[in-house]
Amino acid sequence: MIVLAIDTAGTGCFAAVYDSGTDTVLASVGADIGRGHAEQLMGFIDEALAAGGKVLADVDRIAVTVGPGSFTGIRVGVAAARGFALALSVPAVGVTTLAAVAEAAREANPGRAILATIDAKRDELYCQSFEADGTPRSEALMLDIAEAQKLFADFDGLICGTATKHLTDQPPENTAQTDLTDIRLVARLGAAADPSLGKPSPLYLRGPDVKSQAGFAVARA
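Since we're looking at a predicted model, the values are computed, not measured. (Residues numbered from 1 in each chain as written. Predicted model: local features only at pLDDT ≥ 70, side-chain atom pairs only at ≥ 80, totals over all residues. Heavy atoms only, no water.)

Draft legend 1. Fine view of the side chain of Q128. Secondary-structure assignment places Q128 in strand β7 (residues 124–130). A distance of 2.9 Å separates the side chain of Q128 from the backbone oxygen of S138, its partner in a polar contact. (Helix = DSSP H or I, 4+ residues; strand = E, 2+ residues; numbered from the N terminus. Polar contact = N/O pair within 3.5 Å; in protein donor to acceptor, adjacent residues only side chain to side chain.)

See below:
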């Protein structure tokens, strides 16, 4: 299966072409652009397809990061994924940025439960815990620092991500301390996701409509 993976959930804008049959990223293109995802995404997708020796008609699935992250960036990526899926008559699946952070940690630390964290600013954290096999233990949450410290005080696995420093004094252990999402892992998780869970929807954890955001697919390996 050929997967076109898209990430615009943070400051980065990336596209990758992935062959799930060989677990190979055929090409990955993008940059940490800060802003301007809508203007640059299509160019990166074209470059990734060309570099991977593929055309849009070869794509069997679209994978896209659905958040948490940048409100504007997420909307750009999800809209593009849905548009490609409709035009190509292929499934589109959502991958949370927290799942991607956890997958990076699982690669580096196999056999351990993972608490993925992202600094949400304003003294708040995005958090989600996962079993050692990648199965989510909890829903994705946004908590203030004190709430997160209390809730995960006895967490029995590895804490990783950009908000790690707020929850533990353990060493980083090369566990995704960067703000950039690994597009390679988005592609792999997207290939393993269940497309029957529905179209990808933005995962917004801040704002009045938080409780209505239930239609996203948490991909897992």
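Draft legend 2. Expanded view of the packing of helix α1 (residues 37–51) against helix α2 (residues 71–88). Viewed as axis vectors pointing N to C, α1 and α2 meet at an angle of 45 degrees, and their least axial separation amounts to 10 Å. Classified by the interaxial angle, the pair formed by α1 and α2 is oblique. The element α1 and its partner α2 pack so that their crossing is right-handed. Here H37, A38, L41, M42 and I45 of α1 lie close against α2, whose contacting residues are V76, G77, A80 and F84. Its residues assigned to classes, the contact of α1 with α2 comprises 7 nonpolar, 2 polar and no charged. (Axes fitted to C-alpha atoms, helices over the stretch in contact; angles between N-to-C directions. Parallel < 35°, antiparallel > 145°, perpendicular 65-115°, else oblique. Left-handed = near helix turned anticlockwise from the far one by under 90°. Contact = heavy atoms within 4.5 Å. Nonpolar A, V, L, I, M, F, W, Y, C, P; charged D, E, K, R; others polar.)

Draft legend 3. Inspection of the pattern of salt bridges at higher detail. Applying the stated criterion to the full structure yields 7 salt bridges. Salt-bridge contacts for R188 lead to E107; the nearest nitrogen and oxygen are separated by 2.7 Å. Separated by 81 residues along the polypeptide, R188 in helix α5 (residues 183–192) and E107 in helix α3 (residues 97–108) bring together distant segments of the chain. Looking at R188, the relative accessible area reads 22%, which means it is partly exposed. Bridged by salt links that share partners, the residues D23, E107, D182, R184 and R188 form one connected network. (Salt bridge = Lys/Arg side-chain N within 4 Å of Asp/Glu carboxyl O. Buried < 20%, exposed > 50% of the residue type's maximum accessible area, 1.4 Å probe, protein only.)

Draft legend 4. Representation of the nonpolar core. Membership of the largest hydrophobic core comes to 57 residues, with the highest contact counts inside it found for L4, A5, I6, I45, I62, I114 and A116. The next biggest cluster of nonpolar side chains, apart from the first, holds 12 residues, and it includes L125, C127, A148 and F155. (Core = buried A, V, L, I, M, F, W, Y, C linked by side-chain atoms within 4.5 Å.)

Draft legend 5. Representation of the sheet that holds strand β5 (residues 92–95) in the model. With respect to topology, 5 strands assemble into an open sheet ordered β3-β2-β1-β4-β5, the strand pairing being mixed. Only two strands of the sheet have a single neighbouring strand rather than two, namely β3 (24–32) and β5. Each neighbouring strand pair of the sheet contributes to a mean axis angle of 15 degrees, computed without reference to strand direction. Sheet contacts for α1: β1 (2–7), β2 (12–19) and β3; angle to β2, the most-contacted strand, approximately 25 degrees. (Pairing = 2+ DSSP bridges.)

Draft legend 6. View of the pairing of strand β4 (residues 61–65). Within β4, 5 of the 5 residues are buried, leaving the element largely enclosed by the surrounding structure. Taking every second residue as pointing to the same face, both faces of β4 are buried, with R61, A63 and T65 on one and I62 and V64 on the other. Bridge analysis of β1 against β4 gives 4 bridges, and the strand direction is parallel. In the strand pairing of β4, I6 is matched with V64. Summarising the sheet, β4 and β5 pair through 4 bridges and their orientation is parallel. Each residue of the ladder has a partner; that of V64, found in β5, is G94.

Draft legend 7. α1, seen in detail. Between the first and last C-alpha of α1 there are 20 Å, a value that for 15 residues agrees with the 21 Å anticipated at 1.5 Å per step. Residues of α1 that are buried include every one of H37, L41, F44, I45, A48 and L49, and no others. All buried residues of α1 lie within an arc of 130 degrees about the axis, which places them on one face of the element. Across from the buried face of α1, at angles greater than 90 degrees, the exposed residues are E39, D46, A50 and A51. Next to the buried residues of α1 lie β1, β2, β3 and α2. A positive backbone phi angle near 70 degrees is found at G53, which sits one or two residues after α1. (Expected span 1.5 Å × (residues − 1). Arc of directions from axis to C-beta.)

Draft legend 8. Representation of the packing of aromatic side chains. For the structure shown, the criterion picks out 2 aromatic pairs. With a centroid separation of 6.5 Å and an interplanar angle of 85 degrees, the aromatic rings of F152 and F155 are classed as edge-to-face. (Phe/Tyr/Trp six-rings, centres within 6.5 Å; stacked < 30°, edge-to-face > 60°.)

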